[in-house]
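# Summary of structural features
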Amino acid sequence: MGAWFLLLFLIALGFLGARAVWPAPRVWSAADPLRLAAAPAFGFGIASGLFFVLRILLHLEPAVVIASVFAALAVAGAVAWSRARTAAPDASAPSGSAPVWLWILLGVGVLMAFLTYLMLHGAAPHGEWDAWSIWNLRARFLFRAQEFVSPFSSAIEWTHPDYPLLIPSVIALLWHAAGGESTRIVGAVGLLFLVSAVAAPFYAVRLLRGSGLAALCALSILGASSLVRIGASLYADVPLAAFIVIAGSFLVYGLEVESAGMGPVFLTGLAAGFAAWTKNEGLLFCLSLAAAHLFSVSAVSDVPRRMRTLFPLLAGMAAVIALAGYFKIRLAPANDLVNASNASIIGVRIADSSRYWVTFWAFVSESLTFGSILVPPVIVFSAWLALVRLRALLSGAALLPIVTVAVQLAGYFAIYVAAPNDLDWQLNTSLPRLLLHVWPLSVTGIFLISKDIFPVPPQPERRAARSK
Amino acid sequence: MTPRVLGAILFVAAVSLLSVGRLFFQVADFYPKAPSPDGVTEFEGRFAVLRGMLPPKGIIGYMTDPDTPAADTNAQAEYHLTQYALAPILVVNSSQQRFVIGNFHRAVTTGGLRDRGFKTLREFGNGIVLLENEKAR
């Protein structure tokens, strides 16, 4: 039971932490569903940071780490409560409504995805290959070990000892609370990340564009059924996708809703930092997001605000990347992609045009079959945009998710070209999962630039009539 | 809402829902036939007694049937699962350690192992053996 209570406290920590940074009045506020959707991911990120510092670096007892989680919860709660007194209400969502049948379709989709996850997890409670050879294995090392040298030993290089520790450390912490190893806890953590990867963009699009587009956005994200399948495999790819879409959603919200202040932008940086603390690809995402933040502008007048928001964005990232950097420098052996390479070998690979060709066709091929979607997503969203058209006023902020995804994919492309391993093997085993990292953010970007198509009830007139 | 827009909504919603639904029905069909316990739990069970005998840290070697190709996926999976079962002991895929876990699928004799320099310390059944490498003492 202890682990389930701790799980709830971690969600509360994420929610109150988000409210401490981005305050709102004490009553339930318009953007609270967005904060709550991201809360499990933020809670897990904060707890993993505490576990890393207190347990792995300072060798304190697990009970101290659990106590520190409660202390962090108390501090976050106190700050959120205190800041709520002077906080302005969140901007309310557009009043456009979605037809009932669309909500029913979304409900059916969510229910089928949920049941699929439960069945897949029931059939393979330890997850699939990478789960038990990397992520849950590392969690076992952290939970069972009496010292913290073995988990990062190069003697077991195939376990990728340099991979970051967010997922293994949260699971180890929850196992300590449970007093033993439980695959149900691991499954619950995986499910919560999956929920965040769908719910955070849903609520962000709902706040910015209305319920109808939000419902379609969530349904489209679930349409890539590999999201559920890989989520239930307990790989770190879905948690990474969750942090990526949370970061993108919060940043667009923070840029489009100026009254929200810098809170959402700082949380964006934090989520991007947690992405880097989840998988190495998250480090590339931090660069992609920062680049998109600076360059995805629709007018020169956007530039001063982008410069002002750059500081909180980088501050949020730096807080977590400092942990990841310390881990990489002091504990982890070199990454296999870096270790096996040197400048001259990379130079040879970069000069080999066939590697570009092979990688390009792999990207094209995967984009047509991605996610086990019945119709290739490129066709689905091309048809969607052709039929509903783009928004009349397309802000740089609305374009930001698409620009971020483009930079991230360009980075993945470059890494494949320069990678030391067999290129075909590397592409076959990782490209579908790499595209999954940016799938929720890509879909969110599509719906943020789509025209408002759902009817808006004439509320202002009604209000005016009542006041007369 | 124009027919064009309604068509776009129905197209996106239908493609997404049918994609989720396809996986749901595939998994619903497979789930009742899934082995219980699952393969990882069953594999781990073979190492339960051995795990209780091992110290809380250290390195142990690992070997399997002598003619297994290095790229054999099943053999690789079993080695990884052995590490998963025995963590935090480091299991290295080499017989050059003093103590070595044998995970054999074909019958091996104590005499055959002795000829290769390994003393059998204990057999755990299902082809799992704890060996001592007499050359690495």
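Located above this text is the structure these notes cover.
The rules behind each value
- Per chain, residue numbering runs from 1 following the sequence as it is written.
- Labels follow written order: the first chain is A, the first ligand is 1, and so on.
- Only residues with pLDDT of 70 or above have their local features reported here, since the model is predicted, and side-chain atom pairs are shown and tallied only from 80 upward, although totals for entire chains, interfaces and linings are computed over all residues.
- Each side-chain value is derived from all of the structure's non-hydrogen atoms; neither hydrogens nor water enter the calculation.
- Note on geometry: axes are lines fitted to C-alpha atoms, helical ones only across the stretch in contact, with angles between N-to-C directions running from 0 to 180 degrees.
- Each helix corresponds to a stretch of at least 4 residues labelled H or I by DSSP, and each strand to a stretch of at least 2 residues labelled E; elements are numbered beginning at the N terminus.
- Oblique is the label for every angle not falling under 35 degrees (roughly parallel), over 145 degrees (roughly antiparallel), or within 65 to 115 degrees (roughly perpendicular).
- Two helices crossing with the near one rotated counterclockwise from the far one by less than a right angle form a left-handed crossing, whereas a clockwise rotation gives a right-handed crossing.
- The criterion used for residue contact is that any of the two residues' heavy atoms lie within 4.5 Å.
- To form a nonpolar core, buried Ala, Val, Leu, Ile, Met, Phe, Trp, Tyr and Cys residues must be joined to one another through side-chain atoms within 4.5 Å.
- Each residue is assigned to one of three classes by its accessible area relative to the maximum for its type, calculated with a 1.4 Å probe on protein chains only: buried under 20%, partly exposed between the two thresholds, exposed over 50%.
- Buried area, as used here, totals the accessible surface that two parts lose on assembly, with accessibility defined by a 1.4 Å probe and the loss added over both.
- Every case where a carboxyl oxygen of Asp or Glu lies within 4 Å of a side-chain nitrogen of Lys or Arg is listed as a salt bridge.
- Here a polar contact is recorded for every N or O atom pair within 3.5 Å, except that within protein the pair must consist of a potential hydrogen donor and a potential acceptor, and residues adjacent in sequence are included only if both atoms are side-chain atoms.
- Residues are grouped as follows: Ala, Val, Leu, Ile, Met, Phe, Trp, Tyr, Cys and Pro are nonpolar; Asp, Glu, Lys and Arg are charged; all remaining types, including Gly, are polar.
- Each residue after the first adds 1.5 Å to the expected span of a helix.

Right, let's talk about the packing of helix H8 (residues 211-223) of chain A against helix H19 (residues 423-449) of chain A for a bit. All names here are of chain A. Between H8 and H19, the shortest axis-to-axis distance is 9 Å and the interhelical angle comes to 150°. It follows from the interaxial angle that H8 and H19 lie roughly antiparallel. The two elements H8 and H19 meet at a crossing, and its hand is right-handed. Side by side, H8 and H19 meet where Leu213, Leu216, Cys217, Ser220 and Ile221 of the first sit next to Trp439, Pro440, Val443, Thr444 and Phe447 of the second.

Judged by nonpolar contacts, the single largest core of 164 residues is most densely connected at Phe42(A), Phe193(A), Leu216(A), Trp277(A), Leu289(A), Trp384(A) and Phe447(A). Ranked by the residues each element gives to this core, the list is headed by helix H7 (residues 183-209) of chain A, at 17 residues. By size, the runner-up hydrophobic cluster in this structure holds 25 residues, among which are Ile156(A), Ala85(B), Ala87(B) and Ile101(B).

Turning our eyes to something else, we now look at the interface of chain B and chain A. Taken residue by residue, the interface counts 48 residues in chain B and 54 residues in chain A. Summed over both partners, the interface of chain B with chain A buries about 4,500 Å², with 77% contributed by carbon and sulfur atoms. Inspection of the region where chain B meets chain A yields one salt bridge. In this structure, Arg140(A) and Glu44(B) form a salt bridge, with 2.3 Å as the shortest nitrogen-oxygen distance. Connecting chain B to chain A are 11 residue pairs in polar contact (both at pLDDT 80 or more). Put simply, the parts of the chain that give the side of chain B that touches chain A at least two residues each are helix H1 (3-30), helix H2 (39-45), helix H4 (73-86) and strand E2 (90-92) of chain B. For the side of chain B that touches chain A, the element with the highest residue contribution is H1(B), accounting for 22 residues. Grouping the amino acids of the side of chain B that touches chain A by side-chain chemistry returns 34 nonpolar, eight polar and six charged.

Because an α-helix completes one turn every 3.6 residues, residues spaced three or four positions apart along the sequence face the same direction. Residues and elements named next belong to chain A. With 13 residues, helix H6 (residues 166-178) should reach 18 Å at 1.5 Å per residue; the first-to-last C-alpha distance of 18 Å fits that figure. Most of H6 is tucked away, with 11 of its 13 residues classed as buried. Those residues of H6 lying buried are Leu166, Ile167, Pro168, Ser169, Val170, Ile171, Ala172, Leu173, Leu174, Trp175 and His176. Glycine 179 lies just past H6 and shows a positive phi near 80°.

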